[in-house]
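Single-letter residue listing:
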Amino acid sequence: MQSFAKGGVISPVLANLFMHYMFDVWMGRKHPKNPWARYADDAVIHCKTKAEAVYLLKSLDERIKECGLELHPEKTQIVYCKEEGRQENYPITSFDFLGYEFRPRFMKSRTGHCFSGFSPAVSK
């Protein structure tokens, strides 16, 4: 008899099906204006304001608890994407996702203009 325990061959498929209905479909229904990216159980959700991010995080926390799970307290955070035109100060301005570190970086346009952008590069 095949076991469906963690580490089984079918576990990633079952986990992805669960995440599809628990997260993907829920995000489409409850927060359709917020773009997001998910790989396995890691996700990044985009918000326009801090108030929107705080509200969405609370909503997501409630959804996860409804499903008998909890958000990872060290990995779950609101990150300010500081770049040209967004110069407010927040304690967290970078994050890692899928082996890339997203953070403010100095960039150069095709015309040679230097500016600050929020961009990925390979993580340490």
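About the thresholds
- Residues numbered from 1 in each chain as written.
- Predicted model: local features only at pLDDT ≥ 70, side-chain atom pairs only at ≥ 80, totals over all residues.
- Heavy atoms only, no water.
- Pairing = 2+ DSSP bridges.
- Helix = DSSP H or I, 4+ residues; strand = E, 2+ residues; numbered from the N terminus.
- Axes fitted to C-alpha atoms, helices over the stretch in contact; angles between N-to-C directions.
- Phe/Tyr/Trp six-rings, centres within 6.5 Å; stacked < 30°, edge-to-face > 60°.
- Buried < 20%, exposed > 50% of the residue type's maximum accessible area, 1.4 Å probe, protein only.
- Expected span 1.5 Å × (residues − 1).
- Arc of directions from axis to C-beta.
- Contact = heavy atoms within 4.5 Å.
- Bend = angle between axes of the 7 residues up to and from the residue.

1. A word on the sheet that holds strand 3 (residues 95-97)
The pairing of strands in a sheet comes from backbone hydrogen bonds and takes either a parallel or an antiparallel form.
Here comes step 1: Judged by pairing direction, the sheet is antiparallel, and its three strands sit side by side in the order 3-4-5 without closing on themselves. This sheet does not close on itself; its edge strands, each paired only once, are strand 3 and strand 5 (114-122). When strand polarity is set aside, the average angle formed by the axes of neighbouring strands in this sheet is 50°.
Here comes step 2: In the sheet, strand 3 pairs with strand 4 (residues 100-108) via three bridges, with the strands oriented antiparallel. Note on strand 4: the bridge partner recorded for Phe95 is Phe102.

2. So, the packing of aromatic side chains
Here comes step 1: Across all of its chains, the model carries four aromatic pairs by this definition.
Here comes step 2: Here Phe23 and Trp36 contribute two aromatic rings whose centre-to-centre distance is 5.2 Å and whose plane-to-plane angle is 80°, an arrangement assigned as edge-to-face. Of the two residues, Phe23 is situated in helix 1 (residues 11-30) and Trp36 in strand 1 (residues 36-39); the sequence distance between them amounts to 13 residues.
Here comes step 3: Both rings, one in Tyr80 and one in Tyr90, keep their centres 4.4 Å apart while their planes meet at 35°; by these two values the pair is tilted. Separated by 10 residues along the polypeptide, Tyr80 in the loop between helix 2 (50-66) and strand 3 and Tyr90 in the loop between helix 2 and strand 3 bring together distant segments of the chain.
Here comes step 4: The buried category is assigned to Tyr80, whose relative accessible area is 13%.
Here comes step 5: Three or more aromatic residues joined by ring pairs form one cluster here, namely Phe95, Phe102 and Phe118.

3. Observations concerning helix 2
Here comes step 1: Given a rise of 1.5 Å per residue, 17 residues ought to cover 24 Å, and the 24 Å separating the end C-alpha atoms of helix 2 matches this to within 8%.
Here comes step 2: Every buried residue of helix 2 is listed here: Ala53, Leu56, Ser59, Leu60, Arg63 and Ile64. Summarising the axial view, the buried residues of helix 2 lie within an arc of 135°, below the 170-degree limit, and thus occupy one face. What points out from helix 2, more than 90 degrees from its buried face, is the exposed set Ala51, Tyr55, Lys58, Lys65 and Glu66.
Here comes step 3: On its buried face, helix 2 is in contact with helix 1 and strand 2 (42-45).
Here comes step 4: Looking one or two places after helix 2, you find Gly68, whose phi comes out positive at around 80°.

4. A look at helix 1
One turn of an α-helix holds 3.6 residues; hence residues three or four places apart share an orientation.
Here comes step 1: Taking 1.5 Å as the rise per residue, helix 1 with 20 residues should run 28 Å; its terminal C-alpha atoms sit 27 Å apart, in good agreement.
Here comes step 2: Along its length, helix 1 shows its largest kink, about 40°, at His20.
Here comes step 3: Those residues of helix 1 that are buried lie in contact with strand 1, strand 2 and helix 2.

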